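Now for the letters of each chain:
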Amino acid sequence: MMIELTAADGHRFAAYKAGPADAKKALVVVQEIFGVNRHMRRICDDFAKEGYAVIAPALFDRVERGVELGYTGDDVARGRDLRAKVPADGPMLDVEACAAALPPGAARGIVGYCWGGTVAWWGATRSTSFKAACGWYGGGIAGTKDEKPSCPVELHFGSLDASIPMSDVDAIRAAQPGIAIFVYEGAGHGFGCEDRASFKADDAAVAEKRTLDFFARHLG
């Protein structure tokens with residue numbers, strides 16, 4: 001269901017909420033550049049089925065409310081334009097509000113995809129609210145690779161991602177030798193999204209299992 005939350009700067013935004021209200025483990029799920037669309041809600045619901053309380057903030061609400069995009073070239077262009085207009089500190093303010101809204105006492109993690117993969121990395125490096133962070137194909141991670149994580153991190157990349165060259169992944173490995181990084185050979189950007197042409201079901205299933213196992217180790 002959709003709820004409304006308020007960030008520390010007074011900004012009110014929508015968020016998708018799923019999972020048990022009394023969960024002992026909880027996740028903030030961070031969107032791609034396409035909004036909290038059907039794909040993101042499906043991810044939230046899948047985590048909820050595993051017993052997680054989940055909240056996914058609508059990060060674009062800082063620019064335009066109710067954005068749900070598809071995956072055409074026009075959608076990609078619009079998503080990038082909206083992302084560029086979001087204030088630099090906006091995503092983490094919204095993420096922190098979501099973390100605070102999760103069940104009291106629950107072990108908290110953060111997971112994100114595409115743009116959200118980068119925000120999940122920031123959840124590890126710019127916040128102390130999370131016990132674990134997982135990012136899928138986060139294109140901005142390389143640019144902030146030297147930031148220090150405060151919790152365990154797991155990252156997933158496709159070897160054929162046109163927007164994240166393997167040189168970026170190698171640079172992240174060199175800067176962060178203590179984090180787990182998985183590369184899926186032959187996979188491109190968005191390989192975990194069932195609505196994209198780049199979807200690779202086998203690799204997505206492996207990455208999902210690794211993600212669940214990662215959070216099971218660190219959140220219980």
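Located above this text is the structure these notes cover.
A few points on the structure. Computed from a prediction, not measured in an experiment: that's the story for all the values here.

**Considerations on the environment of Phe 60**
On the secondary structure map, Phe 60 appears in the loop between strand E4 (53-57) and helix H2 (73-85). The exposure class of Phe 60 is buried, given its relative accessible area of 2%. A C-alpha to C-alpha distance of 8.7 Å links Phe 60 and Lys 85, two positions 25 residues apart in sequence. Not counting residues up to four positions away in its chain, the partners in contact with Phe 60 are Gln 31, Ile 33, Phe 34, Gly 35, Val 67, Gly 79, Leu 82, Arg 83, Val 86 and Trp 115.

**Observations concerning the nonpolar core**
With 77 residues, the main nonpolar core has Val 28, Val 29, Phe 47, Val 111, Tyr 113 and Phe 215 as its most contacted residues. Considering each element in turn, this core owes the most residues, six residues, to helix H4 (residues 115-125). Not counting chain neighbours up to four residues away, the residues in contact with Phe 215 comprise Leu 27, Tyr 52, Gly 109, Ile 110, Val 111, Ala 132, Ala 133, Cys 134 and Gly 220.

**Quick notes on the sheet that holds strand E2 (residues 12-18)**
Taking strand neighbours across the sheet as the criterion, the eight strands line up as E1-E2-E4-E3-E5-E6-E7-E8 in an open arrangement whose pairing is mixed. Every interior strand has two partners, whereas the edge strands, strand E1 (2-6) and strand E8 (180-184), have only one. Sheet twist, expressed as the mean angle between neighbouring strand axes with direction ignored, is 20°. For strand E3 (residues 25-30) and strand E5 (residues 107-113), the ladder comprises six bridges, and the chain directions are parallel. Each residue of the ladder has a partner; that of Val 28, found in E5, is Ile 110.

**Topic: the side chain of Asp 203**
Residue placement: Asp 203 occurs in helix H6 (residues 201-219). Setting aside chain neighbours within four positions, we find Asp 203 in contact with Tyr 184, Glu 185, Ala 187 and Phe 191.

**Considering the side chain of Thr 211**
For Thr 211, the location among the structural elements is in helix H6. In contact with Thr 211, other than residues within four places in its own chain, are Phe 47, Val 111, Cys 134, Trp 136, Glu 154 and His 156.

**Structural notes on the pairing of E3**
When you tally the buried positions in E3, you get six out of six residues, the bulk of the element. Summarising the sheet, E3 and E4 pair through three bridges and their orientation is parallel. If you follow Leu 27 over to E4, its bridge partner there is Val 54. The handedness of the E3 to E4 crossover, carried by helix H1 (residues 38-49), is right-handed.

Rules behind the numbers
Counting restarts for each chain: residues are numbered from 1 in the order of the written sequence. Restriction of local features to residues with pLDDT of at least 70 applies here, the model being predicted, together with a cutoff of 80 or more for giving and counting side-chain atom pairs; totals for whole chains, interfaces and linings are based on all residues. The basis for the side-chain values is all heavy atoms of the structure; hydrogens and waters are excluded. Numbering of helices and strands runs from the N terminus; a helix is a DSSP stretch of H or I covering at least four residues, while a strand is a stretch of E covering at least two. We call a residue buried when its accessible area falls under 20% of the maximum for its residue type, exposed when it is over 50%, and partly exposed in between, using a 1.4 Å probe and counting protein chains only. By the convention used here, residues are in contact when the closest approach between their heavy atoms is within 4.5 Å. Working definition of a nonpolar core: buried Ala, Val, Leu, Ile, Met, Phe, Trp, Tyr and Cys residues. They are joined through side-chain atoms within 4.5 Å. DSSP bridges decide pairing: two strands pair if at least two such bridges lie between them. Here the axes come from fitting lines to C-alpha atoms, over the contacting stretch only for helices, and the angles between their N-to-C directions go from 0 to 180 degrees. A clockwise course of the path from the first strand over the helix to the second, judged with the strands pointing away from the viewer, identifies a crossover as right-handed.

Everything listed here is a matter of coordinates, which is why it stays silent on function.
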